[in-house]
Amino acid sequence: MSNTQPTGKKVNKKPSQIMNFLGSMNLAVTLLVMLSIASVIGTVLQQNQSFQDYIIKFGPFWTEVFNSLGLFQVYGAAWFILVLVFLLISTSVCVARNGPGFMKDMKQFSEKLSQTAIKHQTNNRQFNTDISLDDQQKVAQLVLEKHGYKTKIHQRDDGSVTVAGLKGSWNRLGYIFTHISIIVICLGALLDSNLLLKYRELTGDLIPETRTVSLDQIPKTSWVGDENISFRGTVNIAEDQKSDVLFLPYDNGFLVQQLPFSIVNKDFRIQYYDTGMPKTYESDLELYIPGREEPIRQTIEVNKPLYFENYAIYQSSFSDGGTKLKLNVHPLLAPVVAPLELDTAINKVEPLKTAHGKFRLELDDFRNFNMVPMTEEEKAATGRKFHNNGPTITFKVRNEQGKAWEYENYVMANKQEGRYFFMTGVRQSAAEEFRYLFIPADAKRSKERFFKFLAILNNPQRVSRIFQEQYPFTEDMDQRTYALQLRLVEQLMTVFRRSGFAGLTQFIQTNVPKEEQEKVSDYYFTQTTFALQSAYMALLREEGVVKSIQDEISDFDKTWFEDALTVISSLSKYGPPMYFEIDSFQQVQATGLQITKSPGKDIVYFGSTMLIIGVFFMFYVRQRRFWVNIKPENEKLELTLAAKDNKNLPETKTEFEKISNQIQTVSKQA
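Residues numbered from 1 in each chain as written. Predicted model: local features only at pLDDT ≥ 70, side-chain atom pairs only at ≥ 80, totals over all residues. Heavy atoms only, no water.

Visitor: Explanation requested: the sheet that holds strand β2 (residues 150-155) in the structure shown.
Guide: Hydrogen bonding along the main chain pairs the strands of a sheet, whether they run parallel or antiparallel. Across the sheet, which stays open at both edges, the 5 strands sit in the order β1-β26-β25-β3-β2 with antiparallel pairing between neighbours. Each edge of the open sheet carries a strand with a single partner, namely β1 (123-129) and β2. This sheet shows a mean twist of 15° between the axes of neighbouring strands, independent of strand direction. Across 10 bridges, the pairing between strand β25 (residues 624-633) and strand β26 (residues 636-645) is antiparallel. In the strand pairing of β26, Pro632 is matched with Leu637. Against the sheet, helix α6 (residues 133-146) touches β1, β2, β3 (161-167), β25 and β26, its axis set at about 5° to β3. (Pairing = 2+ DSSP bridges. Helix = DSSP H or I, 4+ residues; strand = E, 2+ residues; numbered from the N terminus. Axes fitted to C-alpha atoms, helices over the stretch in contact; angles between N-to-C directions. Contact = heavy atoms within 4.5 Å.)

Next up, the structure:
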């Protein structure tokens with residue numbers, strides 16, 4: 001026996017199981033389905049919003065679940081990047097394994113196909129001719145080339161000749177282009193992913209900022225610079241202000257991206273529809289780049305961004321840019337009208353030291369337009385569908401324990417049911433709707449009368465004195481009973497101011513025997529109403545509306561009194577006892593910019609172009625083959641014709657018959 005290995009034969013190495021798995025169609029389809037699902041999620045679920053917005057929309061539990069799955073930043077999620085990497089590897093393996101075969105097939109005429117194999121093609125035909133072998137070969141070659149086929153001749157040992165034709169070989173190029181395009185698109189997508197940020201986070205070099213603090217208080221571990229080659233972030237720039245940073249949403253917080261240029265917002269303009277919805281908004285920007293003498297100046301608007309190198313600056317939104325406010329802070333439990341004057345601005349935080357504790361005023365937003373639908377009567381009278389309720393400010397008041405109340409206060413008095421009110425809304429959670437108080441406007445459409453009336457009620461002793469002045473002690477009264485009456489008035493007014501009419505009911509239920517509650521309730525409510533009316537008449541007398549308590553008051557003043565009592569009775573649910581009145585304002589607007597750096601964008605575009613070309617070749621270019629086997633047989637020539645199409649269409653048979661008939665006709669004529 002000999003141990004000598006055979007020579008002259010190439011041994012094909014069997015691919016490993018891992019390579020078979022990576023190059024399998026099942027893996028590729030699974031990965032593409034996962035990417036499709038991720039794309040649907042990224043389209044349906046709004047991406048890169050603040051964590052608080054998601055909590056409001058989905059609740060704490062589902063927000064935590066979705067966030068752990070990376071659904072709020074699906075295109076930057078670790079699993080999404082992993083799918084891209086595996087798809088890149090899988091497609092690369094597939095191209096490496098099948099690409100050479102496709103390239104070979106593009107040049108393969110299959111001219112060595114036997115006569116038997118030719119006869120077994122779907123479309124085949126045989127006939128005899130009387131011309132010479134050379135002439136028949138030329139005829140077959142001429143007819144095929146006339147129909148766009150490239151031809152190749154094969155001379156067999158038995159004297160027969162096969163003329164092989166090939167047409168549409170670029171069909172195979174379509175398969176190569178589509179696979180390579182997926183590789184190119186994956187490379188571009190990975191280049192635009194946050195792989196670098198994920199690596200820095202894993203190494204502990206990057207920690208997202210979750211607090212609401214000023215820029216100078218953000219640690220360096222939350223900053224990224226030029227090493228971040230791809231990003232998409234936002235920044236709000238007030239008019240005549242500049243910025244050289246933007247903010248990238250990341251996990252539960254954000255990162256600060258340093259820009260290699262400064263952006264100045266010279267002006268911001270906005271136009272509205274009658275409904276109050278923005279119609280158009282645009283910004284005049286100046287881009288200052290180190291090393292350039294002149295800035296780049298351009299006006300941008302929605303869908304008309306500013307491009308600079310790999311950066312694109314989009315007009316994405318708008319907000320308040322720090323509107324200047326002059327506020328009057330009214331203490332709602334003070335016995336005198338003595339508001340605190342406060343000069344501040346939106347986005348500022350003001351400390352407040354009051355008799356009821358320390359608070360922080362957080363000024364969040366200012367809106368100049370608040371459009372609401374008109375009633376049918378108003379539509380008929382004005383011809384318009386919407387009414388502007390005027391400017392509002394949104395702010396929070398936070399106590400030392402961190403508990404916050406959010407408010408929405410209107411600047412102007414608005415008409416409701418034929419009367420004018422100043423609206424103020426309050427809520428304790430962003431998930432709640434605002435609950436509104438309607439402060440009645442006086443004849444001058446101001447809140448002056450309301451705060452004067454409130455100050456009187458905040459001083460039970462003064463109410464008692466007013467009661468005593470209007471109903472003085474007489475000789476037929478018992479001194480002790482009269483003193484008890486005055487003390488009762490003070491006590492009832494204290495309870496009323498603390499918790500309104502509901503507080504009076506609770507006071508009676510707590511302190512009066514059950515069998516006497518109905519009788520006492522009628523008496524207490526009568527006395528309270530009487531004291532309130534006395535206080536109100538004293539106020540009207542101070543204003544000069546009436547001269548004495550016996551004077552009749554107008555329907556307006558009667559209704560105003562009822563509306564005021566409704567508000568005062570509800571003040572216990574209004575939060576900290578302060579009311580913030582907007583005395584004046586100077587609006588400052590800010591442009592909201594989205595800035596992207598996407599070096600992989602052009603690569604993805606190139607890959608998409610390749611994909612389109614590849615799909616075109618695959619679906620619209622047919623690879624067709626034609627064989628003409630010419631065999632001498634008893635002083636005649638036996639012709640065997642066959643055709644093959646990678647798409648078995650009806651046109652294939654029609655073309656085969658046409659070419660066959662032409663070869664037969666020309667052969668007879670020759």
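Past the structure itself, the notes keep going.
Visitor: Sorry if this is basic, but what is going on with the nonpolar core here?
Guide: A general trend in soluble globular proteins is that nonpolar side chains are found buried together. Formed by 59 residues in total, the largest nonpolar core has its most connected members in Leu327, Leu361, Phe450, Phe453, Leu457 and Phe580. With 8 residues, the top contributor of residues to this core is helix α13 (residues 517-543). Apart from residues no more than four positions distant in its own chain, Phe580 is found in contact with Leu327, Asn328, Val329, Leu352, Leu361, Phe395, Val397 and Asn409. The next biggest cluster of nonpolar side chains, apart from the first, holds 23 residues, and it includes Val224, Val235, Ile237 and Tyr311. (Core = buried A, V, L, I, M, F, W, Y, C linked by side-chain atoms within 4.5 Å. Buried < 20%, exposed > 50% of the residue type's maximum accessible area, 1.4 Å probe, protein only.)

Visitor: What am I meant to see in the pairing of β25 here?
Guide: Taken across its 10 residues, β25 has 7 buried, putting it largely inside the fold. Alignment of β3 against β25, held across 7 bridges, turns out to be antiparallel. Bridged to Val163 within β25 is Val628. Linkage of β25 to β26, two consecutive antiparallel strands, is achieved through a turn of 2 residues, within which Asn634 is found at a positive phi near 55°.

Visitor: What should I look at first to understand the state of the cysteines in this one?
Guide: Note on terminology: a disulfide is the covalent bond linking the sulfur atoms of two cysteines. For the coordinates displayed, the defined rule picks out 0 disulfides. The thiol of Cys94 is not disulfide-bonded; the next cysteine sulfur, from Cys186, is found 13 Å away. The buried category is assigned to Cys94, whose relative accessible area is 16%. (Disulfide = S-S within 2.5 Å.)

Visitor: Just checking my understanding: could you explain helix α14 (residues 555-570) for this structure?
Guide: Within an α-helix, residues lying three or four positions from one another point in the same direction, as the helix has 3.6 residues per turn. Taking 1.5 Å per residue, 16 residues should reach 22 Å; α14 reaches 23 Å between its end C-alpha atoms and fits that length. Among the residues making up α14, those that are buried are Asp557, Trp560, Phe561, Asp563, Ala564, Leu565, Val567, Ile568 and Ser569. Elements in contact with the buried residues of α14: β21 (419-427), β22 (435-440), α10 (448-457), α12 (479-511) and α13. (Expected span 1.5 Å × (residues − 1).)

Visitor: Would you explain the confidence of the model for the protein chain in this entry?
Guide: As a general rule, the predicted coordinates of low-pLDDT regions are not to be interpreted in detail. Scored by pLDDT, the protein chain has a mean of 90; 98% of the residues are at 70 or more. Low pLDDT, under 50, characterises residues 1-9; the stretch is placed with 0 contacts to residues that sit more than four places away or in other chains. (pLDDT = per-residue confidence, 0-100.)

Visitor: Sorry, what's going on with a nonpolar patch on the surface here?
Guide: Together, Leu611, Val615, Phe616, Phe619 and Tyr620 make up a nonpolar patch on the protein surface, roughly 520 Å² of accessible area in all. One can find Val615 in helix α15 (residues 601-620). (Patch = residues over 30% accessible without salt bridge, like charges linked within 9 Å, V, L, I, M, F, W, Y side chains within 5 Å. Areas by Shrake-Rupley, 256 points an atom, 1.4 Å probe, with all protein chains shown as cover. Salt bridge = Lys/Arg side-chain N within 4 Å of Asp/Glu carboxyl O.)

Visitor: Could you clarify how one ought to interpret the environment of Leu196 in this entry?
Guide: With respect to the helices and strands, the residue Leu196 is situated in helix α8 (residues 195-202). For the pair Leu196 and Ser584, spaced 388 residues apart in sequence, the C-alpha separation works out to 49 Å. Apart from residues no more than four positions distant in its own chain, Leu196 is found in contact with Glu227 and Asn228.

Visitor: So what exactly am I meant to see when it comes to the sheet that holds strand β12 (residues 324-331) here?
Guide: Sheet architecture is open: 3 strands sit in the order β13-β12-β23, paired in antiparallel fashion. The sheet terminates laterally at β13 (340-345) and β23 (578-586), the two strands that pair on one side only. Taking each pair of neighbouring strands and ignoring which way they run, the sheet shows an average axis angle of 25°. Pairing between β12 and β13: 6 bridges, direction antiparallel.

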